[in-house]
Amino acid sequence: MSTILVTGGAGFLGSHLCERLIARGDEVLCLDNFFTGRKVNIEHLLTHPRFELIRHDIVHEIFLEVDQVYNMACPASPQAYQFNPIKTIKTSTVGMVNMLGLAKRCHARILQASTSEVYGDPLVHPQREDYWGHVNPLGPRSCYDEGKRVAESLCMNYHLEHQVEIRIVRIFNTYGPRMDPGDGRVVSNFINQALRGEPLTVFGDGQQTRSFCYVDDLVNGLMRLMDQDQTVGPVNIGNPHEFTMLELAEEVLRQTGSSSKLQHLPLPKDDPQQRCPDISRAREFLQWEPKTPLREGLEKTIAYYREVM
Ligand code: NAD
Ligand code: UDP
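Here is what the cut-offs are and how they apply
Every chain's residues receive numbers from 1 upward, in the order its sequence appears when written. Just so you know, chain letters begin at A and ligand numbers begin at 1, following the order they were written in. Selection of residues for local features in this predicted model requires a pLDDT of at least 70, selection of side-chain atom pairs for listing and counting requires 80 or more, and totals for whole chains, interfaces and linings are taken over all residues. Side-chain numbers here rest on the full set of heavy atoms in the structure, without hydrogens or water. We treat two strands as partners when DSSP finds at least two bridges between them. For the purposes of this entry, the term helix denotes a DSSP run of H or I that reaches at least four residues, the term strand denotes a run of E that reaches at least two, and both are numbered from the N terminus. Lines are fitted to the C-alpha atoms to define the axes, a helix being fitted only along its stretch in contact, and any angle between axes, read from their N-to-C directions, falls within 0 to 180 degrees. In what follows, salt bridge is the name for a side-chain nitrogen of Lys or Arg lying within 4 Å of a carboxyl oxygen of Asp or Glu. Think of it in three bands: with a 1.4 Å probe and only protein chains considered, a residue is buried below 20% of the maximum accessible area for its type, exposed above 50%, and partly exposed in between. Proximity is defined per residue: if any heavy atom of the residue lies within 4 Å of a molecule or strand, that residue is considered near it. Here a polar contact means two N or O atoms within 3.5 Å. Within protein one must be a hydrogen donor candidate and the other an acceptor candidate, and residues neighboring in sequence count only if both atoms are side-chain atoms. Areas reported as accessible are Shrake-Rupley estimates using a 1.4 Å probe. Residue values count occlusion only from the protein chains shown. Each residue gets one of three labels, nonpolar for Ala, Val, Leu, Ile, Met, Phe, Trp, Tyr, Cys and Pro, charged for Asp, Glu, Lys and Arg, and polar for the others, Gly among them.

As a further point, take the sheet that holds strand β3 (residues 51-55). Within a sheet, each strand pairs with its neighbour through backbone hydrogen bonds, oriented either parallel or antiparallel. Taken in spatial order, the 7 strands line up as β3-β2-β1-β4-β5-β6-β11 in an open sheet, and their pairing is parallel. Because the sheet does not close on itself, it has two edges, and the strands there are β3 and β11 (235-237). On average, each strand axis in the sheet is inclined to that of its neighbour by 20°, with strand direction left out of account. Pairing geometry for strand β2 (residues 27-32) and β3, over 5 bridges, is parallel. Pairing of D32 across the sheet is with R55, part of β3.

See below:
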C-alpha cells in the first residue's frame, strides 16, 4: 500500500484517479481548492477509511508525507483557465515548484498532468513528443499553454539537479462522466445542449479536429506511466482517432435522438485547427493504447448526464 497525493483530486480526471487508487488498495490524500472541482465527484469516497480530503491551494506550500504525487491541479477548460489567467499561471508554476519540493523532500515520485496544449496550434501532424510546438506566448490560451510548458521544464530541472523521479504525461482531450456540465468544453456542451433541446454551439466552421480519449483509458495510462520504473521523457496519452467538431455534433445528435439544430459561433482566438496524438511512445514504453471507441464512451457519458440532469 502506498500513500498517494492527488492534487486536483475533486476534479473530473482527479476524481476517477482517486477512485481507482482506492480500489487498488492505496491510501489517497485528495487535495483540492474547489475552483473547478466539485464535492459531488468524490462524495462516495468521503467515508472510505483510506481516503482523506484536504482543502488547500497548491500555490501555497504544504507539508505531507507521501510516496507518490499525481499533480492534476489546474483548471482545464478554456473558459475556466481564462477566468483568472494570472492564477492559472501561478498554479502551473508556483504550484508546480511546491509539489516538486514536496516530492524532493519525501523522495516521492511525481507525475505532472501536462497537456497537448504544449504543442499549441501544431504545424506537425500527428504530434510526437519531440515536436516543440507552435504556441502564441501572449494569446488568451498562453496562461495555460505556457504555464504547462514551464511546469514541464521545472520537472526536468528538478530531475536533473535533484534526481526527483518525474513522470510527464501530455494528456489529449479526455471526456467522460463527471465532466462539469457547465465547464464549456465541447463534449459536455454538445451533450447537455442536445439533451435540453438547445442548439449545439459549433465554433467556426466545425472543421477543426480533436481526438477524444475516454476517461478510463486515460487513467490506465496515467497509472502505467507512474508505476513503471524508468524516467522517460514526456509521454502522449490520448486517443489517436481524430474527429471534426461537426462529426462530433452529428454523433451526439444521433445518440441522444435530439432534434437540436447547429448554431455556428465565432471561432475563439488561437483555437488549434488540428490535434491528434502520436502514441508510439506510450505503446512501446507502457504497452498502453486506448480501448474505448468514441461511440461507446459517448454512450456512457450521455447516460451520466441524463442521470444528473
Ligand atoms: P478539472 O478542472 O475538472 O480539474 C482540475 C482540478 O484542480 C479541480 O478540482 C480544481 O478545483 C483543482 N485546482 C485548480 N487549481 C488548483 C490549485 N491552485 N490548488 C488546488 N487545486 C486546484 O480538469 P480535469 O479535466 O480533471 O484536468 C485535470 C488535469 O489534467 C489538469 O491539470 C489539466 O490541465 C490536465 N489535462 C486535462 C485534459 C482533459 O481533457 N480533461 C487535457 C489535458 C490536460
Ligand atoms: N467547441 C465548439 N463548441 C463548443 C465548445 C467548443 O465547437 O461549445 C470547439 C472549440 O472551438 C475547439 C474544440 O471544440 O475547437 C474543443 O474545445 P474544448 O474547449 O473542448 O477543448 P480545447 O481542445 O480547445 O482545449
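We now examine the pattern of salt bridges. For the coordinates displayed, the defined rule picks out 21 salt bridges. Between E117 and R275 there is a salt bridge, and its shortest N-O distance comes to 2.4 Å. One end of the pair, E117, is in the loop between β5 (109-115) and α4 (142-162); the other, R275, is in the loop between β13 (262-265) and α8 (280-286), and 158 residues separate them in sequence. Each member of the pair, E117 as well as R275, is classed as buried. In the salt-bridge network here, residues are joined through shared partners; they are E117, R141, R210, D271 and R275.

This part covers the site of ligand 1. In the vicinity of ligand 1 there are 29 residues, among which L13, D32, T36, Y144 and T174 approach most closely. F12 places a polar main-chain atom, nitrogen or oxygen, 2.9 Å from an oxygen atom of ligand 1. A distance of 3.1 Å separates a nitrogen atom of ligand 1 from a polar atom in the side chain of T91. Burial of ligand 1 by the protein amounts to 96% of the accessible area it has alone, namely 820 Å². Sorting the residues of the shell around ligand 1 by element identifies α1 (12-24), β5 and α4 as the ones contributing at least two each. Among the elements that make up the shell around ligand 1, the one with the highest residue count is β5 (3 residues). Residues belonging to the shell around ligand 1 are distributed by class as follows: 14 nonpolar, 11 polar and 4 charged.

Keep in mind these numbers describe shape, not what the thing actually does.
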